[in-house]
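# Breakdown of the fold
These are the residues of each chain, in order.
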Amino acid sequence: MTATYARSAPLRQMPGALVRAALLALLAFLIFGPLLNLVLWAFAEKWYFPSKLPLEYGFTFWQRVFAPRGNALGSLGTSVWIALLTVVFSLAVAIPAGYALARLRLPWRGAILLAFLLPQAVPNLPVYVNIAQVFYQIGLAGTITGVVLVHASHGLVLAVWIASAAFAAVDGSLEEAARNMGASPWTCFRTVTLPLAAPGLMASAIFVFLESLDEFTGTYFVGVPDVTTLPLLMFNASMGGNYQIASITALLLLVPSIGFMLVVERFLKSDVLAMVGR
Amino acid sequence: MSTELTAGLAPVEPESRARRAARAKRWAGFALIAPALAVVALFFVLPLALSAVGAFRAADGGFTLAHFAKAVDLYSKDIGFTIAIVALSTLLIALVAIAIAGYLTLGENPRAVALLRWLYRWPLFIPFVVAGQVMRTFLAKNGLLNHVLIGSGIIEPLSAQSMLDWRGIVVAFVWKQAPFVTLLLAGAMASLDRTHVEAARNLGAPRWRVLFGIVLPQVRGTLLVGLVLSFVTMLSVLSVPLMINPNSPTMMTVDVAYRISTLADYAVANALCLLSLLLAAMGAAFYLRHAVRKAEGA
């Protein structure tokens, strides 16, 4: 009985292994197929309807995108500058808030956490539409500052929640030990809590950076007509029917996104992830 | 506790000092949070309130429901379309996330698990606007999907059709959001106590029963948070419907952008916005009910 079972086990597992391989292959196609199509477009010189693959490959459009008078490099610069300012601004307000939420026993802590969730948990369109109108009246429409403020208010939930989770994941007994040995609260925070929470804070900084870099709708309403970020440039090229330019710009936007995806777990350990929103 | 002790030893002075310290700590806490809250209040809550005001204010400044009547009259089809697309996408995202996270937690072939873990996350941080462009090429009549389907003999060349309609929006949404929910869900599953899972497996329970009977009930909160966030995010994505399916019937975000960019009609745009807020509130209520139940249970 046992012998039969042992012999037939690999045979019975065969269809399972095949199904598993087929499902993984299907998933791989669904994930990479669209990306591959984008890459093909980025290098296609000519591509008409019935042909399965581009008729000619080349770099003509890359030259156009990166030409000194092309606006891609300018948009890239604008995007990165806005994203950096957003990170600095968000973390400057999120680190104290995250620490307070994690360590000081605050009344209405849950309500405060939820308040930061608002910008993610409420459709953003009404906010962008109306803030654009307000900014227009006070002269912030079409300025970098205006776009940074909009990006920051949206990215703040990630910054605060992840910062709070990162501080909460720091072992409190280490802080206690430092305090018992006579460290002031500030020294304790600077030399014990902050370094231990640093990977989580780094993760929140990267999240905010990427979110700002990729943001479309807010910039679409608030940034017009002077601030053109990379996503807006890509959108305009795509709607104008220029698939090559749109695809090349999209590839530029993909590099940081995919790069971060590959390393995210190095920064965001599961112990921090488990504390998010708690 | 310590307050009571010191209070017993030295009645008046130390007690008030401890209380003062506690109060100072609380004020310090609020001072630390205040700047962040101010940002949310000024650049989020205030414009949101303006939206609510604008949706109900008539040209003469009085109260009116005319903007809503006009919004529903013009766009009732798009409102239904939006609900259907977002609901269907949320459902598909849940199924994909449960399947992938479940296999990552319970899968017994380490190589397949490692491959899947590496594979599923690629679209995680890809922005919606790029996902829109990617799907615009992939799902087009001349896109890679049709060529692969034709090449493998699944469809005839003549029956190849563009999927750049409601299907394209759903595919783009699921492609982009499922990895996010999966990441949250797999993280929550990984931090579960494995003893129950092992016990059930040892008693001969099949993996799908372990997943739905033991693992999933314990991470329901995380799944719900991920789904509610995705639901609301998808409600306010403008780029994907604009790029994939800009013609009627389309999503409400496209209508809002049209009312503003082309007609400068903020009143009807705000009314549409409030209707989408109402939809989001239903999603949030779903989450809050769960959160309250959890708080009561704790």
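Owing to the predicted nature of the structure, the values given are computational and were not obtained by experimental measurement.

### Some points on the overall build of chain B
- Counting its regular elements, chain B contains 13 helices and 0 strands.
- If you list the helices and strands of chain B from N to C, you get α-α-α-α-α-α-α-α-α-α-α-α-α.
- Taking 2.2 N^0.38 as the reference for a compact globule, 298 residues should give roughly 19 Å; the C-alpha atoms of chain B span a radius of gyration of 26 Å, well beyond that estimate.
- Across its three principal directions, the C-alpha atoms of chain B cover 90 × 75 × 25 Å.
- In chain B, the proportion of contacts linking residues at least 24 apart, taken out of those at least 6 apart, comes to 74%.

### Thoughts on the overall build of chain A
- In terms of regular secondary structure, chain A is built from 12 helices and 2 strands.
- Scanning chain A from its N terminus toward the C terminus, one meets helices and strands in the order α-β-β-α-α-α-α-α-α-α-α-α-α-α.
- In chain A, which comprises 278 residues, the share counted as buried stands at 45%.
- Restricting to contacts in chain A with at least 6 residues of sequence separation, those with at least 24 account for 73%.

### Quick word on helix α3 (residues 72–103) of chain A
- The first and last C-alpha atoms of α3 of chain A sit 45 Å apart over 32 residues, in line with the 46 Å expected at 1.5 Å per residue.
- Along α3 of chain A, the sharpest kink reaches roughly 30°, centred on alanine 94 of chain A and followed within four residues by the proline proline 96 of chain A.

### Quick look at the nonpolar core
- Formed by 175 residues in total, the largest nonpolar core has its most connected members in Ala94, Leu156 and Val160 of chain A together with Ala36 and Leu185 of chain B.
- With 18 residues, helix α6 (residues 144–169) of chain A is the largest single contributor of residues to this core.
- Alanine 36 of chain B has contacts with Val93, Ala94, Ala97, Phe116, Leu156 and Val160 of chain A, leaving out every residue within four places of it along the chain.

### Thoughts on unusual backbone geometry
Residue and element names in this part refer to chain B.
- Backbone geometry at alanine 264 places phi at a positive 50°, although glycine is not the residue there.
- By the element assignment, alanine 264 lies in the loop between α12 (252–261) and α13 (266–297).
- Of the residues examined, alanine 264 has 8 C-beta atoms within 10 Å and is grouped as exposed.

### What to know about the interface of chain A and chain B
- With 69 residues of chain A at the interface, the matching set in chain B holds 69 residues.
- Tallying contributions element by element places helix α1 (residues 2–43) of chain A first for the side of chain A that touches chain B, with 12 residues.
- When its residues are assigned to classes, the side of chain A that touches chain B shows 53 nonpolar, 13 polar and 3 charged.

### Observations concerning the packing of helix α5 (residues 128–138) of chain B against helix α7 (residues 166–190) of chain B
Residue and element names in this part refer to chain B.
- The interhelical angle for the contact between α5 and α7, taken along N-to-C directions, is 130°, at an axis separation of 10 Å. Judged by the angle between their axes, α5 and α7 are oblique. For α5 against α7, the interelement crossing comes out right-handed. Across the interface between the two elements, Phe128, Ala131, Gly132 and Met135 from α5 touch Gly168, Val171, Ala172, Trp175 and Lys176 from α7.

### Digging into the confidence of the model for chain B
- Residue-level pLDDT values for chain B average 85, and 93% of them are 70 or greater.
- This prediction of the complex comes with two scores: 0.82 for pTM and 0.78 for ipTM.

### A few points about α7 of chain B
All names here are of chain B.
- Along its 25 residues, α7 runs 35 Å from first to last C-alpha, staying within 8% of the 36 Å computed at 1.5 Å per residue.
- Glutamine 177 marks the point of greatest bend in α7, at about 30°, and the proline proline 179 comes within the next four residues.
- Counting buried residues in α7 gives 21 out of 25 residues, a clear majority hidden from the surface.

### Re the environment of valine 170 of chain B
Residue and element names in this part refer to chain B.
- Of note, valine 170 is situated in helix α7.
- In the structure, valine 170 is positioned 10 residues away from alanine 160 in sequence and 19 Å away in space, judged by C-alpha atoms.
- Excluding anything up to four places from it in sequence, valine 170 contacts Ile85, Leu88, Ser89 and Leu92.

### Concerning the packing of helix α3 (residues 66–106) of chain B against helix α4 (residues 110–119) of chain B
Residue and element names in this part refer to chain B.
- The contact between α3 and α4 brings their axes to 9 Å, and the two run at 140°. Considering the angle they form, α3 stands oblique to α4. The handedness of the crossing between α3 and α4 comes out as left-handed. Here Ile100, Tyr103 and Leu104 of α3 lie close against α4, whose contacting residues are Val113, Leu116 and Arg117.
- Split by residue class, the contact of α3 with α4 holds 5 nonpolar, no polar and 1 charged.

### So, the environment of proline 179 of chain B
Residue and element names in this part refer to chain B.
- Structurally, proline 179 can be placed in helix α7.
- Considered as a pair, proline 179 and alanine 101 are 78 residues apart in the sequence and their alpha carbons are 9.6 Å apart.
- If we skip the residues at most four places from it in the chain, proline 179 touches Tyr120, Arg121, Pro123 and Leu124.

### Description of the confidence of the model for chain A
- A residue-level look at chain A finds 88% of positions with pLDDT of 70 or above and a mean pLDDT of 82.
- Note on residues 1–7 of chain A: pLDDT is under 50 here. Beyond four places in sequence and across chains, it has 0 contacts.

About the criteria used
Residues numbered from 1 in each chain as written. Chains lettered and ligands numbered in written order. Predicted model: local features only at pLDDT ≥ 70, side-chain atom pairs only at ≥ 80, totals over all residues. Helix = DSSP H or I, 4+ residues; strand = E, 2+ residues; numbered from the N terminus. Rg over C-alpha atoms; globule rule 2.2 N^0.38 Å. Contact = placed C-beta atoms within 7 Å. Buried ≥ 20, exposed ≤ 12 C-beta atoms within 10 Å, placed from the backbone. Expected span 1.5 Å × (residues − 1). Bend = angle between axes of the 7 residues up to and from the residue. Core = buried A, V, L, I, M, F, W, Y, C linked by C-beta atoms within 7 Å. Nonpolar A, V, L, I, M, F, W, Y, C, P; charged D, E, K, R; others polar. Axes fitted to C-alpha atoms, helices over the stretch in contact; angles between N-to-C directions. Parallel < 35°, antiparallel > 145°, perpendicular 65-115°, else oblique. Left-handed = near helix turned anticlockwise from the far one by under 90°. pLDDT = per-residue confidence, 0-100.

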